[in-house]
Amino acid sequence: MKEAILYLEDGTTFQGRSLSSTGETAGEVVFNTAMTGYQEVLTDPSYAGQIVVMTYPLIGNYGVNEQDVESNKIHVKGFIVKEFCRRHSNFRATKSLIEYLNEQNILAIEGIDTRALTRHLRVQGAMKGMISTKDFDGKVLAGKLAQIPSMEGSDWVKEVTAPKKYIWKEEGLVSGPAGPIYKVAAIDCGIKFNILRILTRLGCEVHVFPAHAGVEEIKAIQPDGLFISNGPGDPAVVNYVIETVKKFFGVIPVFGICLGHQIVGLALGGKTYKLKFGHHGANQPVKDLLDHRVCITSQNHGFCVNIDSLSQDEVEMIGINLNDKTLEGLRHKKMSILSFQYHPEAAPGPHDAQYLFNYFMEMMKAHKKTARINV
Amino acid sequence: MPRRNDIKKILLLGSGPIVIGQACEFDYSGTQACKALKEEGYEIVLANSNPATIMTDPEFADRTYIEPLTPEFIEAIIKKERPCAILPTLGGQTALNLAMKLHESGVLTRYGVKMLGANYEVIKKAEDRECFKQAILKIGLVVPKSHFARTLEEAKKAAEDIGLPVIIRPSFTLGGTGGGIAHTMEELEKIAALGIESSMINEIIVEESIVGWKEYELEVMRDYKDNVVIVCSIENLDPMGVHTGDSITVAPAQTLTDREYQSMRDAAMAIVREIGVETGGSNIQFAVNPQDGRMVVIEMNPRVSRSSALASKATGFPIAKFAAKLAVGYSLDEIQNDITKETPASFEPTIDYCVVKAPRFTFEKFPEVQDILGIQMKSVGETMAIGRTFKEALQKSLRGLEIGHKGLDNKVDYRQIPEEKIEQRLREPNASRIFYLKYALQKGWSPDRVAEVSKIDIWFIDQIAQILELENELKETLKKEQNLPDPLLRKAKEYGFSDAQLAALMQIPENDVRKMRLEKGIIATFKLVDTCSAEFEAYTPYFYSTYETEDEASLQIQKSRKKGEPAKKKIMILGGGPNRIGQGIEFDYCCCHASFALKEMGFETIMVNSNPETVSTDYDISDRLYFEPLTFEDVMNVVGVESPDGVIVQFGGQTPLNLARRLQEAGVPIIGTSVEAIDVAEDREKFSELIKTLGIYQPANGSARSVDEAVAIASRIGYPVLARPSYVLGGRAMKIVYDSQGLLAFIDEAKEVSEGRPILIDKFIEDAIEVDVDAICDGQETFVAGIMEHIENAGIHSGDSACVLPPPTISEILLNQIKQDTCRIAQALKVVGLLNIQFAIKGRKVYVLEVNPRASRTVPFVSKATGIPLAKIAARIMVGRKLSDFDLPADHLEQLKHVSVKESVLPFSRFSGVDIVLGPEMKSTGEVMGIAMTFGEAFAKSQISANQTLLKSGKIFLSVKDDDKRAIVFIAKRLMDMGFSLISTRGTAKVLRANGVQVEVVEPYAQGQHEGSALMSMIKGNEIALIVNTPSGESSQHDMRFIRAAAILHNVPCITTLQGAWAAVNGIESSRTKDFLQVRSLQEYYLDISVKKNFKMEIDKCAVS
């Protein structure tokens, strides 16, 4: 155990201790209000560049296991909790959370008044912060923190995207007798495994492309639909993806989630803005304006598409956040384009919105039909 | 869709008396529903037989019927009121069952009454186990293997097929009455027989035992648009096999991964949809196999439940209020979350603390019974604690229970406990298992072994081990150093160690620990319960303490002050903590009333309480709510942050009263009756002296600090004597003893209860009439609000005795004497607020038995009977009003045209083998009220409400002690005239026959054994409709106990006093009259009280000034 400090860019400090590795780490500090699912949070590539504060105070209770990963490694820059569990309990657990964090050299601290920290971030907004077990001098830490670029304007996609194209293989999956129904090209901006698992289970063969893949490279596989994934950082700076996506509008169905949704919004000519402290949790109520049901959704985003920046003749709002009335889903009135700010793949979080994937399937089905007719 | 306009008048059913398994959580839910529906402009008709509830306050409904909750009476109410709809999902199992019966008998259809929340088919599908099982299987979920049985033979066959052990659950009961786990065929026969009998439809389910699996509960809400949210998940520390009500439970679930939690959530949603609960709250129980995660569905309640109350308090999400709104047509997204004022109710609370609920047992009241826990609920109350960690919350919950533990401490020396006992106490669930977990670890057991033997998840065991490790570290440090270093002391506070626990470890007074702590700046901080883990700004005035860096209470207080208004004066009200026998809902009623009254006067009110079932812990009752244990330390923490102008200790029962002196010494301004006066009333010697100087009679008495002294006093005043410890409530350990042997036995038993305080010995006045008086005094003037005559003779605890207001048999001279004595005592004590006195009348003498300068159990009853809000007036007096401000009538008791009877409800059926003879130690859990124009009718209603159905025909068994033999003749004659056939034992029969009463003789014993006797088989064969058995003194008290025990088992009403028998005969006669089913609301009764209007105006004026 080692004394640790969290230094925020506005000069606020919190004292804690590290049970895992030592050293220093910096990133944008955000809080997550989900009470379960810390392993999924840690491995969600969308958290790249961020230090995550868990508002639920007891973390690590069920250890970690082989299945509940959303990528191949932990992506958070640092992890802040009230209390780490010493002795976990769960039949699937293979190791403790602390071991897991240690293995991947993630600086994680406990003993923080996480509620006070959360309130601070809510009132002041998400901000940069640094965790250190070496240096406790505010001036020094402030200096170091100044070197770290802010989230706005940062391209984190390039850090997390797949180095090369691959086809997702879901183990033990029995696909239909006729093999996969749809071929999906997924642009990996930091894609969560659960998206791939669900698409595969729904009968898709998912070809995962690096974010910088070219239009032709993608077209080469003759996809039935284009999927743009979730991911970290500022959507406005990933021009290379925005431009690619534009090329598919009206060609094949396009479906985006989270960062993918923001990219779709930008590709349609809209604007994005940074939310004060974002939505990170598993209890966000979203109203689906198509069928008026309210879903409790999993969310993880710091940026948002400004609905007013989009042409009302072309784009309609199909989902709204009931808490702050921000845009949660959009649909193109003429073309097969659909995107959602929240996470139908959950992981962690409620499965209420999983039906959204069916929309994508229907779009591809309709597209295939017309394509056949056209042929 | 906004609210439904096709309905105007709604009948809301309450849950009746407090019984084990159904406590004041339904007052909480009913009150919330009343408020929510009235707010929407509906006309509310309320039916409930429990006078101690807030919901039966006449201002909460348009028409309030305190009538028996039976189909006949509810039909009468429907006939009279013609409501458009009935809302049965907020009054517990009682209301649900009642609505089912009303539907089945066609009453609802006949009068065109719609069922809101859940309809007949839905309730049936959820409650009928076979229907439920089929529904669950249909949606691809799993239930434990099970078979139904309606006979013993079927039960045996089922058990053979499934394999022992099996769980037996009766269909349609509450709190698991009549269920159990059978390990052998003998056990199976016994439990199955009981189960078949206690089921409303004589059916049981024999089920695969999943004892030892992890148990979970989800609280679900659904609206008519099919939006579903999970309000809260709960994980039980005690695994399957212990009733949830008896388990220590934790929110949120701790050891589920998100995957497992989400599949449980999916299952819960699918179940609610399949069962078809239209709107409102439900709860669903799951069991999970700890080895492989296999999940099975246990049961669901298609209504608001005890767990809903807990979930509401644990998250801040007002389930009952929203359930009521959903029932009348709103959807979740149309309701605003009060807490954030911005976000809608269609969200799932997320919490940033840990909640622990611990059950409160009262096995000490039933010494014949072992404290073993099973699937039948035994606890009578609970306390909830909130902390930032499980360790903190657990220790807070344990000290909140008020069972002598200051946290997870040692009450016994673990070294003295043999290994076998540890093993047994871990293996077999029991009331003190949580402490034995620690003892086992102290004895060197590994956490894994403790988990293995107890089947409690290792996560919990390790948390307990951490508490123990810190305790050991503290001890080791104290061996080397005089004081604890700051970080260690802070860590101890973070782990939930109380000052008292630390004081014991450091061997210094608790006050010194506190002082040291404050000097070092280790002070409690308060955090907000906000449903959203601080994601949104919250406006809830609902706090818990913890040891962190930021205090939100002081921030909120500062913020509310900034508005430029002058600071309001603050009054803090201390609640009663967990319900227990002797201290329950009545005190919560008084606390709420104090808050209402003072708020109306412009004070800021602050509530401190730890009982999640109550109305007082609803966050919109007071200006600020602190969910804290009622200990000196925890109360002082709140005082520290609030600095109240006054603290009220006299409304929450004995709990806050016991803190009064220490609080005053610490400089806390106690308002109302002075601590010194409380002391005079509680200290037997000082009290005796006072009564003597006033020239009032009292039984000869003395107080003893040693065994010799006690024996000397008893022989001086003469046996029988009433012996008891001082400073207790509910007659705890009180006993009538007939000789010195009995006295010695008593002293031995009382040691634990009295905690070093003296033992009181009074001459017991035999065959006296007992009278209870509730009065209000402003320090000078006294208002006698209620005089209640007990039906049973003195010697039976006032809380267990039925009583009548106004008193039917006491002469005017004696009543005046009682009034005068009351006034003189009140003035002498300078009581400011409420006062309760118990008198005994023997011949023409009035003796004072006891004076309690605080709210009494009968305050709500008197308020309902007379229409005078005692607690509200008392609260106003405590902040400086005078009685003369209220213009109270002097003769209101004489003016009453109606009669009110209070009857107690006893939990004997929960404790098999217990003798049901009443005595000076209180045993009842709740009460009902019968109100009518004659005594007979009122009594009959009270009996029907208390679930001792009055009889129309059948055999009555009479067996009385010699003293009663003459009087029983008249009773028997009247019963004979009404067409009952009588049977009795030889001695009683001889007297009856000599007086011309036809009676059949029956032998209670067969060859010296009671099993198999003629009488026993008649009871078993349900041939006996009523038993009247008055036992004589101590020595022979036990001779008929097997009859009385059998009576409980077979649900035969049993009367044990002559006075009770008299009243019963009156009641039976009245219930045969044509007009018996006429119902009248409280509002109508009050019309008759001419003074009422005048009085009400005064109250209003008072509120304005």
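The model shown is predicted, which means the values in this text are computed figures rather than measured ones.

(A) Representation of the overall build of chain A. Of regular secondary structure, chain A possesses ten helices and 19 strands. The C-alpha radius of gyration computed for chain A amounts to 21 Å, which stays within 12% of the reference 21 Å derived for 375 residues, consistent with globular compactness. Over its C-alpha atoms, taken along the principal directions, chain A stretches across nearly 70 × 45 × 40 Å. Here chain A, with 375 residues, has 58% of them falling under the buried criterion. For chain A, the share of sequence-separated contacts (at least 6 apart) that also reach a separation of at least 24 residues comes to 77%.

(B) Main features of the packing of helix α14 (residues 433–442) of chain B against helix α16 (residues 458–480) of chain B. Residues and elements named next belong to chain B. The contact between α14 and α16 brings their axes to 10 Å, and the two run at 65°. The interaxial crossing formed by α14 with α16 has right-handed handedness. Residues Leu437, Lys438, Leu441 and Gln442 of α14 form the contact with α16, whose own contacting residues are Ile461, Ile464, Ala465 and Leu468. Partitioned by chemical class, the residues of the contact of α14 with α16 number six nonpolar, one polar and one charged.

(C) Representation of the pairing of strand β1 (residues 9–13) of chain B in the model. Residue and element names in this part refer to chain B. By the criterion of burial, β1 is predominantly enclosed, with four of the five residues buried. As defined by bridge partners, β1 adjoins strand β2 (residues 43–47) across five bridges and the pair is classed as parallel. Bridge assignment links Lys9 to a residue of β2, and that residue is Glu43. Considered for its hand, the β-α-β crossover made up of β1, helix α1 (residues 25–39) and β2 is right-handed. Note: β1 against strand β4 (residues 85–87), three bridges, orientation parallel. Looking across to β4, one finds that Leu11 is bridged to Ile86.

(D) Structural context of the interface of chain B and chain A. Each partner contributes residues to the interface: chain B has 44 residues there, and chain A has 41 residues. Broken down by secondary-structure element, the contributors of at least two residues to the side of chain B that touches chain A are α9 (258–275) and α16 of chain B. Among the elements that take part in the side of chain B that touches chain A, α9(B) stands out by supplying six residues, more than any other.

(E) Examining the sheet that holds β2(B) more closely. Read from one edge of the open sheet, five strands run β3-β2-β1-β4-β5 (chain B), paired in parallel fashion. Of all strands in the sheet, those with a lone pairing partner are β3 (63–65) and β5 (114–115) of chain B, marking the two edges.

(F) Local environment of the sheet that holds strand β11 (residues 182–188) of chain A. Residues and elements named next belong to chain A. Reading across from one edge, β10-β12-β11-β13-β14-β19-β18-β17-β15-β16 is the order of the ten strands in this open sheet, with mixed pairing throughout. Each edge of the open sheet is held by one strand with a lone partner, namely β10 (166–167) and β16 (294–306). Packed on one face of the sheet, helix α6 (residues 193–201) meets β11, β12 (204–210) and β14 (254–257) and runs near 150° to β12.

(G) Representation of the packing of helix α8 (residues 239–246) of chain A against helix α9 (residues 259–267) of chain A. All names here are of chain A. Here α8 crosses α9 at 70°, and the two axes come no closer than 9 Å. Judged by the inter-axis angle, α8 sits roughly perpendicular to α9. Relative to α9, the crossing made by α8 is right-handed. In this structure, α8 contributes Val241, Ile242, Val245 and Lys246 to the contact, and α9 contributes Ile263, Val264, Leu266 and Ala267. Class assignment of the residues belonging to the contact of α8 with α9 gives a composition of seven nonpolar, no polar and one charged.

(H) Inspection of the pairing of β12(A) at higher detail. Residues and elements named next belong to chain A. In this sheet, β12 lies alongside β10 in antiparallel orientation, the contact comprising two bridges. Counterpart to Ile167 in the pairing with β12 is His207. Taken together, the seven bridges between β11 and β12 define a ladder with parallel strand orientation. Looking at the pairing, Tyr182 lines up with Cys204 of β12. Handedness of the β-α-β unit built from β11, α6 and β12 comes out right-handed.

(I) Spotlight on the environment of Leu484(B). Residues and elements named next belong to chain B. Its place among the elements puts Leu484 in the loop between α16 and α17 (486–494). When the 22 C-beta atoms within 10 Å are taken as the criterion, Leu484 is described as buried. In this structure the C-alpha to C-alpha distance between Leu484 and Met506, which are 22 residues apart in sequence, comes to 8.8 Å. Beyond its immediate sequence surroundings of up to four residues, Leu484 is in contact with Leu474, Thr477, Leu478 and Leu489.

(J) Geometry of unusual backbone geometry. The residue after Ala347(A), namely Pro348(A), is reached through a cis peptide bond having omega 5°. Within the fold, Pro348(A) resides in the loop between β19 (337–340) and α10 (356–374). A cis amide bond, omega -5°, links Tyr719(B) with the succeeding residue Pro720(B). With respect to the helices and strands, Pro720(B) occurs in the loop between α26 (707–717) and β24 (721–725). Look at Ala347(A): it is not a glycine, yet its phi comes out positive at around 50°. With respect to the secondary-structure elements, Ala347(A) resides in the loop between β19 and α10. Even without being glycine, Asp767(B) reaches a positive phi, approximately 55°. Mapping Asp767(B) onto the fold places it in the loop between β26 (759–763) and β27 (769–778).

Cut-off values and rules
Residues numbered from 1 in each chain as written. Chains lettered and ligands numbered in written order. Predicted model: local features only at pLDDT ≥ 70, side-chain atom pairs only at ≥ 80, totals over all residues. Helix = DSSP H or I, 4+ residues; strand = E, 2+ residues; numbered from the N terminus. Rg over C-alpha atoms; globule rule 2.2 N^0.38 Å. Buried ≥ 20, exposed ≤ 12 C-beta atoms within 10 Å, placed from the backbone. Contact = placed C-beta atoms within 7 Å. Axes fitted to C-alpha atoms, helices over the stretch in contact; angles between N-to-C directions. Left-handed = near helix turned anticlockwise from the far one by under 90°. Nonpolar A, V, L, I, M, F, W, Y, C, P; charged D, E, K, R; others polar. Pairing = 2+ DSSP bridges. Right-handed = clockwise from strand over helix to strand, strands pointing away. Parallel < 35°, antiparallel > 145°, perpendicular 65-115°, else oblique.

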